[in-house]
Amino acid sequence: MCAIVGVINSEGAAKTAYYGLFAMQHRGQEASGISSSFNHHIKTIKATGLVTEVFSPASFEILKGNIAIGHNRYGTAGADSLKDAQPVAGNYALGEISIVHNGNLINKDEIRRKLVSEGAIFQSGMDTENILHLIARSKQEHLKDRIVEALNQCVGAYSLLILSRSKMFAVRDRYGVRPLSIGRLKDGGYIVASETCAFDLVEAEFVRDVKPGEMVIFEEGKDEFSSLEILKAAEARICAFEYIYFARPDSVVEGKNVYEVRKKLGAALARKCKELKADFVVPVPDSGVPAALGFAQESKLPFEMAIVRNHYIGRTFIEPTQEVRNLKVKLKLNPIGAALHGKSVVVVDDSIVRGTTSKKIVELLRHAGAAHVHMCIASPELKYPERYGIDTPSVRELIAANMSTDEICKFIGADSLTFLSVPELVEALGGERKYSLVSFDGDYFIKD
């Protein structure tokens, strides 16, 4: 789950890309970077840290030009943050190139072993670098054909932006698991981003989503873009977690407003929990707020923001170590004792991964005086590791893969625990299409 953004045919493209990355900071906090092309030369600035920490006014003197791509990284334990920061840039037979990537190539190890056996030297642990090598080693005459040849060797879920000296290429895998949308800037340029919230900040107008299996080609100085279907057609499956947790609530993913979808998930949860007796509904901020609001409206229970979030603390799910996660729960969330004392509360959260965060939340609520704590989760149990670009843990670490609902309830210390079922989730999302639900149903549908 990373953020990617690209801007073309717009003065100060790198600064616009910066604002896009700022809007999508929630998708990755470990590192940030931008590449821009000016006078047919690509320059890159990237470092560990938040967008506001990596870039300064002086950065945009270096990143001149009207074409730029950028990336926010979220990583896993053990990775070298700086080496694995994106964009990944290099020189090859056709000139300079830079790539940003959101997703995961499931055959990355196989590709890398083959490339290394043929003499390739890698500078990072990222699968993104595989794509760079495959493009560089292709014998095709044009870059677009090299990209096609490279991606037809890659298996996985991904959205890509590729910057050459005068063009920008936007690509989604043939299932469209990771989101990618096109917007039009006021000055006539284009912006491509993981989420439409990036468009709102820079006052861009949504044009359309990049289609699964499509490569969209933007060229410097040209008003219109071109499109090619480069990957074998498949039944599209946007990741359900974009709606449940990842995307900002003000984004529109595949035509669905995330805020409205989350309210529907909460309403579905309320219908399932209609026998619960409680004084009010409390969200786990921030991602649990829309679902809790939907729960409260459906159940006719009062809605109370009885847990206060410190917004200067990052998202605990994407922190690399459990020790840091545990500390950040207390740093990030603080219950309001005056509201909770002696009350029976329904606590709505988006998901339970390891269970340790939920356990800490219940402990905090009990300590604040809550008489009863009913945990209601606006998604099904996470039982399977996600291999398509999300850092969900191994089966050993996923609490729902190892415990029953009753056992999880006892572990976290709640009075009751309710999850949505997979059919209930799909119905709330909209049953008119399929979704990537691998964390819930174990259907690893990307085979080749």
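Check the entry above for the structure.
Residues numbered from 1 in each chain as written. Predicted model: local features only at pLDDT ≥ 70, side-chain atom pairs only at ≥ 80, totals over all residues. Heavy atoms only, no water.

A closer look at the sheet that holds strand 22 (residues 416-419)
Line of reasoning, step 1. The strand order across the open sheet formed by four strands is 17-20-21-22, and the pairing between neighbours is parallel. Lying at the two open borders of the sheet, with one neighbouring strand each, are strand 17 (280-283) and strand 22. When the angles between neighbouring strand axes are averaged without regard to direction, this sheet yields 25°.
Line of reasoning, step 2. As paired strands, strand 21 (residues 372-377) and strand 22 are joined by four bridges and run parallel to one another. The residue of strand 22 that forms the bridge with Met375 is Leu417.
Line of reasoning, step 3. Strand contacts of helix 13 (residues 356-367): strand 20 (344-349) and strand 21, with the helix running at about 150° to strand 21, the strand carrying the most contacts. (Pairing = 2+ DSSP bridges. Helix = DSSP H or I, 4+ residues; strand = E, 2+ residues; numbered from the N terminus. Axes fitted to C-alpha atoms, helices over the stretch in contact; angles between N-to-C directions. Contact = heavy atoms within 4.5 Å.)

Observations regarding the packing of aromatic side chains
Line of reasoning, step 1. Taken as a whole and assessed by the stated rule, the structure comprises 14 aromatic pairs.
Line of reasoning, step 2. Each ring, one from Tyr190 and one from Phe225, has its centre 5.3 Å from the other, and the planes form 80°; the classification is edge-to-face. Taken together, the residues span a long stretch of sequence, with Tyr190 in strand 10 (residues 190-193) and Phe225 in the loop between strand 12 (214-219) and strand 13 (226-229) at a distance of 35 residues.
Line of reasoning, step 3. On the basis of relative accessibility, which here comes to 3%, the residue Tyr190 falls in the buried class.
Line of reasoning, step 4. Note on Tyr388 and Phe445: the rings are 5.3 Å apart at their centroids and 65° apart in plane angle, and the pair reads as edge-to-face. Here Tyr388, found in the loop between strand 21 and helix 14 (399-402), pairs with Phe445, found in the segment after helix 17 (438-441); they are 57 residues apart in sequence, far enough to count as distant. Just as Tyr388 is buried, Phe445 falls in that class too. (Phe/Tyr/Trp six-rings, centres within 6.5 Å; stacked < 30°, edge-to-face > 60°. Buried < 20%, exposed > 50% of the residue type's maximum accessible area, 1.4 Å probe, protein only.)

Quick word on a nonpolar patch on the surface
Line of reasoning, step 1. Taken together, Tyr19, Phe22 and Leu201 make up a surface patch of nonpolar side chains, about 300 Å² in accessible area.
Line of reasoning, step 2. Structurally, the position occupied by Leu201 is in helix 7 (residues 197-201). (Patch = residues over 30% accessible without salt bridge, like charges linked within 9 Å, V, L, I, M, F, W, Y side chains within 5 Å. Areas by Shrake-Rupley, 256 points an atom, 1.4 Å probe, with all protein chains shown as cover. Salt bridge = Lys/Arg side-chain N within 4 Å of Asp/Glu carboxyl O.)

Some thoughts on the side chain of Arg27
Line of reasoning, step 1. Along the chain, the position of Arg27 falls in the loop between helix 1 (13-23) and strand 2 (31-38).
Line of reasoning, step 2. A relative accessible area of 0% places Arg27 in the buried class.
Line of reasoning, step 3. From its side chain, Arg27 meets the backbone oxygen of Cys2 in a polar contact 2.8 Å long.
Line of reasoning, step 4. A distance of 2.8 Å separates polar atoms of two side chains, one belonging to Arg27 and the other to Glu195.
Line of reasoning, step 5. Beyond its immediate stretch of four places on either side in the chain, Arg27 contacts Met1, Cys2, Ala3, Tyr74, Asn102, Pro179, Ser194, Glu195, Glu242, Phe246 and Ala247. (Polar contact = N/O pair within 3.5 Å; in protein donor to acceptor, adjacent residues only side chain to side chain.)

Concerning the state of the cysteines
Line of reasoning, step 1. Taken as a whole and assessed by the stated rule, the structure comprises zero disulfides.
Line of reasoning, step 2. The thiol of Cys197 is unpaired, and the distance to the nearest cysteine sulfur, on Cys2, comes to 15 Å.
Line of reasoning, step 3. We classify Cys197 as buried; its relative accessible area is 1%.
Line of reasoning, step 4. Not engaged in a disulfide, the cysteine Cys409 finds its nearest cysteine sulfur in Cys376; these two sulfurs lie 10 Å apart. (Disulfide = S-S within 2.5 Å.)

Topic: the environment of Ala89
Line of reasoning, step 1. By the secondary structure assignment, Ala89 is in strand 5 (residues 88-92).
Line of reasoning, step 2. We classify Ala89 as partly exposed; its relative accessible area is 41%.
Line of reasoning, step 3. Taking C-alpha positions, Ala89 is 9.6 Å from Ile162, a pair spaced 73 residues apart along the chain.
Line of reasoning, step 4. Setting aside residues no more than four positions away along its own chain, Ala89 makes contact with Thr44, Ile97, Ser98 and Leu132.

Quick word on empty space enclosed by the protein
Line of reasoning, step 1. As enumerated under the stated definition, the model contains two cavities of 30 Å³ or more in all.
Line of reasoning, step 2. Roughly 40 Å³ of internal volume is contained in the largest cavity.
Line of reasoning, step 3. As for the largest cavity, its lining consists of Pro179, Leu180, Ser181, Ser194, Glu195, Thr196, Asp209, Val252, Val253 and Glu254.
Line of reasoning, step 4. For the lining of the largest cavity, the class distribution of residues is four nonpolar, three polar and three charged.
Line of reasoning, step 5. Around the second largest cavity, the lining residues are Cys239, Ala240, Phe241, Glu386, Ile390, Ser436, Leu437, Val438, Ser439 and Phe440. (1 Å grid on protein atoms, 1.4 Å probe; cavity = no way out; pocket = protein on both sides within 12 Å on 5 of 7 lines; lining within 4 Å. Points joined across faces, edges and corners; volume = space filled by probe spheres on them. Nonpolar A, V, L, I, M, F, W, Y, C, P; charged D, E, K, R; others polar.)

What to know about helix 15 (residues 405-412)
Line of reasoning, step 1. Looking at helix 15, one finds that the buried residues are Ile408, Cys409 and Ile412. Taken end-on, helix 15 shows its buried residues confined to a sector of 100°, consistent with a single buried face. In helix 15, the exposed positions that point more than 90 degrees away from the buried face belong to Asp406 and Lys410.
Line of reasoning, step 2. Buried residues along helix 15 sit against helix 13, strand 21, helix 14 and strand 22.
Line of reasoning, step 3. Positioned one or two residues after helix 15, Gly413 has a phi angle of 85°, which is positive. (Arc of directions from axis to C-beta.)

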